[in-house]
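What follows is the residue order along each chain.
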Amino acid sequence: MVILGIDPGTRFTGYAVLKKQSTRSFLVDHGCLRLGATKPLFERVGLFHDFFDEVIPKWGVTHCALETSFLGKNAQNFLKLGYLRGILYRLAHKYDLVLLEYAPREVKVAVTGYGGASKDQVERVVRRLFPAAKFEKQDVSDALAVTVCGLWKANQLKMLR
């Protein structure tokens, strides 16, 4: 099982790739895709697509984990995130990935044990799990949290291929 967790954003997208071998898991890649605020949206969406279209076959990804979106205060941001999620749905179809989606509260419970945990609390737990990881932005720790949640939940549900 190789799981790609993504925290999509139109300026910064965090991602992480975990590989499960028997009873151990290894962090094989992680980082922050910087899409730039000044580029037109269609260009950023294209960069997003091209990046993950390379990452998935490079690592042999079998599962993709995402947090479900919530509307929040800005409907335009919600709509723009929908474009990125559509790209991920398309790539999941193209590469025959198992797509896993979790509510933010579900991710927090899986990682910290408490659904009301703050982003800082989630980041502290993820830093303990992956002390060698580089967290240039909180988007990376968010992506790692989603990845870990996906790995643990998939194991619980026996969704391994």
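For the structure, see preceding data.
A word on the overall build of the protein chain. The number of helices and strands found in the protein chain is five helices and five strands. Listing each helix as α and each strand as β along the protein chain from the N terminus yields β-β-β-α-β-α-β-α-α-α. The C-alpha radius of gyration computed for the protein chain amounts to 15 Å, which stays within 12% of the reference 15 Å derived for 161 residues, consistent with globular compactness. Here the C-alpha coordinates of the protein chain stretch approximately 45 × 35 × 30 Å along the principal axes. A burial count over the protein chain gives 43% of its 161 residues as buried. Of the contacts made within the protein chain by residues no fewer than 6 positions apart, 61% connect residues no fewer than 24 positions apart. When the accessible surface of the protein chain is summed, it comes to about 8,600 Å², and 54% of that surface belongs to carbon and sulfur atoms. Taking the average location of the 24 positive side-chain charges in the protein chain and that of its 15 negative ones, the two points are 4 Å from each other.

Counting through the fold element by element, Cys 149 comes out in helix H5 (residues 138-157). Here the alpha-carbon distance between Cys 149 and Glu 67, two residues 82 residues apart in the chain, equals 9.8 Å. The contact partners of Cys 149, leaving out residues within four places of it in the chain, are Tyr 102, Glu 106, Val 107 and Ala 110.

Before going further, it helps to examine the side chain of Thr 147. If you trace the backbone, Thr 147 turns up in helix H5. Polar contacts involving the side chain of Thr 147 include one to the main-chain carbonyl oxygen of Ala 143, which spans 2.6 Å. Apart from the residues within four sequence positions on either side, Thr 147 is in contact with Ile 3, Leu 4, Gly 5, Ala 16 and Leu 18.

Cut-offs used in this document
Residues numbered from 1 in each chain as written. Predicted model: local features only at pLDDT ≥ 70, side-chain atom pairs only at ≥ 80, totals over all residues. Heavy atoms only, no water. Helix = DSSP H or I, 4+ residues; strand = E, 2+ residues; numbered from the N terminus. Rg over C-alpha atoms; globule rule 2.2 N^0.38 Å. Buried < 20%, exposed > 50% of the residue type's maximum accessible area, 1.4 Å probe, protein only. Contact = heavy atoms within 4.5 Å. Areas by Shrake-Rupley, 256 points an atom, 1.4 Å probe, with all protein chains shown as cover. Lys, Arg positive; Asp, Glu negative; His and termini not counted. Charge placed at Lys NZ, Arg CZ, Asp CG, Glu CD. Polar contact = N/O pair within 3.5 Å; in protein donor to acceptor, adjacent residues only side chain to side chain.

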